[in-house]
Amino acid sequence: MFKQLPAEKLRADRLVMGLRFDLLSLFTTLALLSRTTTVLSDVILSRVDRRIDLTSQIARVTSTLKVENAGPGPVSEILITFPEVQANDLAYLMAALNEGKGKVKNSGISLPIKAVNPEGMPPSLIFHSVSLPTALGEGDSLTIDVLAVFTHALRAFPEEITQADIQLVLFQDTAHYLSPYAVNIQSLTVKLPKSRIESYTKLENTNIHGSDIKYGPYENLPSFSYAPVAVHFETNQPFAVAQELVREIEISHWGNVQVTEHYNIVHGGAKSKGEFSRLDFQARPHLRGASAFRNLVAKLPPRAHSIYYRDEIGNISTSNVWDDPKKTELLIEPRYPLFGGWRTTFTIGYGLPLQDFLFESEGKRFLDFSFGSPINDLVIDNLIVKVVLPEGSNDIFISTPFPVKQGQETKISHLDFVGRPVVLLEKTNVVPEHNQYFQVYYKFNSLSMLMEPFILISGFFFLFVACIVYVHVDLSISKSSASYLAKMQWDEVRATIQEVQSIINQCLSTHEKLEASLRDLSRTGDVQACKTARKAADSLLKEYSKELKPLLSFLQSSPQATQILPKVEELVAKERELQERLITKHSTIVDCYEKKIGGRELENRVASQQQKVIVLKQEVEDLHDYIEEI
């Protein structure tokens, strides 16, 4: 034990004093009960040896009770008592016969335990009844071992620490065995993970041996005797708490059991405060991160295969697997060390041989599988186990070694018609002691296994038949049908309109050449060249006019061109009007040049014609675009 700071000692003393103050009403009740209760006086506990194991985050209390019947009547059950504040953290309770020398009788069957509420007892006490295998007669005795497992019983004190601080926790219990029976002699041993103890309650006959604190022996204790003790000590064991764990066990009669486990884990110890230095942690992890844990170990069944470990980001490569004929160990390391209050989520999955876990009995198949998590010393606040049975399973029956919440749902997977039945098992406050085998019984017709291959074969068969039909059947539209004829006529109309547009474009190009000749005339004054250009343009425009006549006649005779024909005719008319205006303009300018008229008078003669040409050009362009869109 080392010397502690006065302030820390003062806080610890205040916490213990607060505990004693909170339990004052309980002590008063117990004192009254010890004086007034006589209905249970026929049973005496001649010896009680208690051992509290605090080497992990889970508190395990093993009590060896030697029970004697001091009354005339037979005794078939005894009562186990817990204070209500302690019973709230009780996760697992088991009782078994003891054959002596500290060994539990290897009968494979624990004694039945049930919660009871004896009359006249205060609500601050919680009672459980243990049924004895045979009733005890007068003077008879037997020895039983009672294992009580508590979660969240170690409370961090202080509640927040820095990266460099050690983790201190506080545990509270009673040095006297709380029982409705008188106790002749009893002792208590508290086993700690280290010999470094911050403080502890000192009573009569208290001794320390290494990391063990021993209280007692105490003799001739009345019923409901209670002596509160508190131990404040250092522990850096992983406080891994799964706030939720969802295990999905999917059975495939083709030879595999696929297990998928989704973890939401938080460090349940003293919360980390201040900044985190990765450099300090890597350099001195035992000093600058003693309270954190870097990895977890999962003990998987033997012959586990196809093991993976991933989170929302993807596969996590920091994992190792060791296997032997008895077990498979998976070492998983999160992406970052977990300090107090930090959390992480991840998924592990693996496959198992079907013959190791699926059996047949009395015409039924049954799955024999472990209930809890394979991770060592993991506390689970809420555990959901889903057993996905093959499609077609019926007459489902569930057998569990302890009470759980049960339900059923349906899962739709690949190649399913009605879905696969899913058995739901849910339990809170789960510890490694719950990692016992449960059974799911169901009936299944072996012919149902042929359903999926039949679906695959049928699917490929119909696919090939569809391909053959597609290749050999003429799916083209009949050339004599009205829709086909209408389509052909519309194609001819479109082609004709495109030819009309092409000729109009050629006419517009000829117009540009005429205007170009006028620009050359104003630049060079060569009247003869301008007249030559005019004759060439006239010749081309006459040819284009001849080409347009049969095209317009076809459109006028085609019923498919009824809607677009007015626009085409308007386009042709506007182009001809534009052609006439350009020729008139050309003649006027050439005549003025021959008569040596220029300047303002030439501009006045051409102005009105030029304005009309500009308007007609825009109208021709708009009609051309409109027809193009159609």
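Scroll up for the structure.
Residues numbered from 1 in each chain as written. Predicted model: local features only at pLDDT ≥ 70, side-chain atom pairs only at ≥ 80, totals over all residues. Heavy atoms only, no water.

Novice: Got a minute to help me understand the sheet that holds strand β29 (residues 405–411) in this structure?
Specialist: By definition, the strands of a sheet pair up through backbone hydrogen bonds, in either a parallel or an antiparallel sense. The sheet built from seven strands is open, its strands ordered β21-β24-β18-β17-β27-β30-β29 with mixed pairing. Every other strand in the sheet has two partners, leaving β21 (305–310) and β29 as the edge strands with one partner each. On average, adjacent strands in this sheet sit at an angle of 15° to one another, irrespective of strand direction. Both strand β27 (residues 379–388) and strand β30 (residues 420–430) contribute to a ladder of eight bridges, which runs antiparallel. Opposite L383, over in β30, you have K427 as the bridge partner. (Pairing = 2+ DSSP bridges. Helix = DSSP H or I, 4+ residues; strand = E, 2+ residues; numbered from the N terminus. Axes fitted to C-alpha atoms, helices over the stretch in contact; angles between N-to-C directions.)

Novice: Whenever I open this one, a positive patch on the surface confuses me. Can you help?
Specialist: Taken together, the side chains of K542, K546, K549 and R576 present a region of like positive charge at the surface. With three residues, the top contributor of residues to the positive patch is helix α7 (residues 527–557). Relative to the assigned elements, K546 resides in helix α7. (Patch = residues over 30% accessible without salt bridge, like charges linked within 9 Å, V, L, I, M, F, W, Y side chains within 5 Å. Areas by Shrake-Rupley, 256 points an atom, 1.4 Å probe, with all protein chains shown as cover. Salt bridge = Lys/Arg side-chain N within 4 Å of Asp/Glu carboxyl O. Lys, Arg positive; Asp, Glu negative; His and termini not counted. Charge placed at Lys NZ, Arg CZ, Asp CG, Glu CD.)

Novice: Got a minute to help me understand the side chain of K364 in this structure?
Specialist: In this structure, K364 sits in strand β26 (residues 364–370). Its relative accessible area of 17% is what places K364 among the buried residues. One polar contact links the side chain of K364 to the main-chain carbonyl oxygen of D395, over a distance of 3.3 Å. Excluding residues that lie within four positions of it along the chain, K364 makes contacts with F359, D395, F397, Y441, Y442 and K443. (Buried < 20%, exposed > 50% of the residue type's maximum accessible area, 1.4 Å probe, protein only. Polar contact = N/O pair within 3.5 Å; in protein donor to acceptor, adjacent residues only side chain to side chain. Contact = heavy atoms within 4.5 Å.)

Novice: What's the story with the packing of aromatic side chains in this structure? I'm lost.
Specialist: For the coordinates displayed, the defined rule picks out 15 aromatic pairs. A centroid spacing of 5.9 Å and a plane angle of 75° characterise the contact between F82 and F150, whose relative ring orientation is edge-to-face. With a gap of 68 residues between them, F82 in strand β3 (residues 75–83) and F150 in strand β8 (residues 141–150) connect regions that are remote in the sequence. Classification of F82 as buried rests on a relative accessible area of 7%. Owing to a relative accessible area of 3%, F150 belongs among the buried residues under this scheme. One aromatic cluster is present, built from ring pairs that chain together F276, Y336, F339 and W342. (Phe/Tyr/Trp six-rings, centres within 6.5 Å; stacked < 30°, edge-to-face > 60°.)

The analysis is restricted to geometry; functional conclusions fall outside its scope.
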